[in-house]
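Overview (structure and organization)
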Amino acid sequence: MEPEAPFRGQVFSVTAITMAIKQMMEGVFRGVFVEGEVSNLRTAASGHVYFDLKDREALLSGVMFKWDARKYALHLQEGMQVRVGGDLSCYAKQGRYQIVARTAEALTKGNLFLEFEKLKKKLEAEGLFDPAHKKEIPAYPQRIAVITSPTGAAVRDILSVLKRRSPHLEVLIIPTLVQGDEAAPQIAQALTDANAFTPKPDVILLGRGGGSMEDLWAFNEEIVARAIFKSKIPVISCVGHEVDFTIADFVADLRAPTPSAAAELVVQNSQNTQEYVAQLQKRLLQSVSLFYERAKRRYDLAVNSPALKRPETLFATKEQELDDLTLRLEDAVCEKIKTFKTRLELSAQKLAALGPQAVLKRGYSITRKADGTVISRVGDTAPGETVYVQVQDGMIYTQVK
C-alpha cells in the first residue's frame, strides 16, 4: 500500500512549491558537512565565491558569501578535494538547491588536479616548456588559422577583432570539438592539418571560451601538448579566461589570456603600422595643403602685382637708377677733366716760364756751333770758328776772333 501523499491533487504556483521545498530543505539540512571536488570555481565582482562540489555520481552547487570567503577562500581551489560546512538551501530564482558554505577545509587534491600536475612535470622535464623552443610570432601575419569550435563564443570574438583591426587578413577556421572525450584527438589532428596546408598559415590561434577544469580538460591532454610542440607554425594558446591555465598554455609559443586578446596580439603590429601610415598620410596631406595655400598666395600676389600687369615697370626703377648713376658719373668725369685741365694749364705756364723762349725774351741768347752744340764756355770755341747766336726774333751768324 502506497504511503499517503498529503498534497495529492493540490495545485501550487511555482513560487509556492519552491518556497515549500526551500523551507523543508533549510529546516532539515542545517549545519551539515559535504565533501567533494571543487569545480567551476569563480569569484563575482561582489566578492561572493561560487563553485560546484562533485564526486563520481553527482554535482552540488555551492556559494560562500564574501564575509566567510575572506577566511576560507584559500581552501577553495579548482580541483581541490574539500569539506565544506553550512546549510542546504534553495535558490528560488533558479529553482536550484545549493549549499551555503560557511567553512571550508582542504582534504586532498582532486584526481584531475593530480593528473594536471603529473603531466605538467613530465612535459617540463622533457623540455616542452623550454623558452628556447618557442617560435617567434610573425610581426605582420597575412594568413591566420583558428582552431576552435565553429559555434562557440571564442570564434565570434576572434573574427570580430580581426575584422575590426585588420580586415585584409585571410582567416582559416579549422572546426573541432573543444570539450569531451573526442576533443583532444580532434584538436591534435587540426594542428597537424594546419601544418599541412599550402600555403601555410603564418600563425595558429588555438583556444576556446571559459569553463570549469573539466570543460577545459581537452587542452590538458598529452596528445594536444605534443601536437603543439611539433607544430612548425607558431601557436598562440587562448584557452578560457585570464585565470585559467592549461598544459597547452605552457607548450604554446605564446599564451593569450582570452581568445579576443589573442586576436589583438596577433595583429597589434599591423594595427600600429596602419596607424603610423595614417599619421604619415595625415601629415603629408597637411604639408601639401600648406604648400598649396602658400603657392596660391604667391600666385595671387604675382597675378595682381602691377609689375605683371605692366612689365615695363619692372625695369623703370632700375633704368632711373642707371640714369642717375650715369649723370653722377658724367659730372664726376667733367669735374675731373676740369681739374686736370687747370693743372695742365698751370704746368704749361710754369714750363713756358722756364722755357728758352721766355729766357730769350728777357735779353738772353743761345750760342751754338755749326753742328748745333750749345757753347757754354769760351774754351768750347776756336778762333775763326763760325758760331750761331739765337736771340728772341732770329739767328745771328758770327765768327770767333
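Residues numbered from 1 in each chain as written. Predicted model: local features only at pLDDT ≥ 70, side-chain atom pairs only at ≥ 80, totals over all residues. Heavy atoms only, no water.

**Describing helix α6 (residues 222-230)**
Test applied: Buried means the residue's accessible area, taken with a 1.4 Å probe over protein chains only, is under 20% of the maximum for its type, while exposed means over 50%, and partly exposed covers the values in between. Starting at the N terminus, helices and strands are each numbered in turn, a helix being any DSSP run of H or I of at least four residues and a strand any DSSP run of E of at least two. Summarising the geometry, the arc corresponds to the directions from the helix axis toward the C-beta atoms.
For α6, the complete set of buried residues consists of Val 224, Ala 225, Ala 227 and Ile 228. The arc enclosing the buried residues of α6, seen along the axis, measures out at 165°, which places them on a common side.

**Re the pattern of salt bridges**
Think of it this way: side chains of opposite charge can pair up when their charged atoms draw near. Spelled out, the test is: Should a side-chain nitrogen of Lys or Arg be within 4 Å of a carboxyl oxygen of Asp or Glu, the pair is scored as a salt bridge.
Taken as a whole and judged by the stated rule, the model has 12 salt bridges. Note that Asp 253 is salt-bridged to Lys 135, the shortest N-O span being 3.5 Å. With Asp 253 in the loop between α7 (247-251) and β10 (254-255) and Lys 135 in the loop between α3 (111-126) and β6 (143-148), this pair connects stretches of sequence that are 118 residues apart. The exposure class of Asp 253 is buried, given its relative accessible area of 12%. Judged by its relative accessible area of 23%, Lys 135 falls in the partly exposed class. Shared partners join several salt bridges into a network, and the residues in it are Lys 122, Glu 126, Glu 222 and Arg 226.

**Observations concerning the packing of aromatic side chains**
Counted only if it meets this: Each Phe, Tyr or Trp ring (for Trp, its six-membered ring) is paired with any other whose centre lies within 6.5 Å, and the angle between the two planes then decides the class: stacked below 30 degrees, edge-to-face above 60, tilted in between. Whether a charge sits over a ring comes down to the Lys NZ or Arg CZ being within 6 Å of the ring centre and within 35 degrees of the ring normal.
In the structure shown here, the tally under the stated rule is four aromatic pairs. Judged by centre distance (5.4 Å) and plane angle (35°), the rings of Phe 129 and Phe 250 are tilted. Taken together, the positions of Phe 129 in the loop between α3 and β6 and Phe 250 in helix α7 put the pair 121 residues apart, joining distant regions of the chain. With relative accessibility at 13%, the residue Phe 129 sits in the buried group. Chaining the aromatic ring pairs together yields one cluster made of Phe 129, Phe 245 and Phe 250. Between the NZ or CZ atom of Arg 255 and the centre of the ring of Phe 245, over which it lies, the distance is 3.9 Å.

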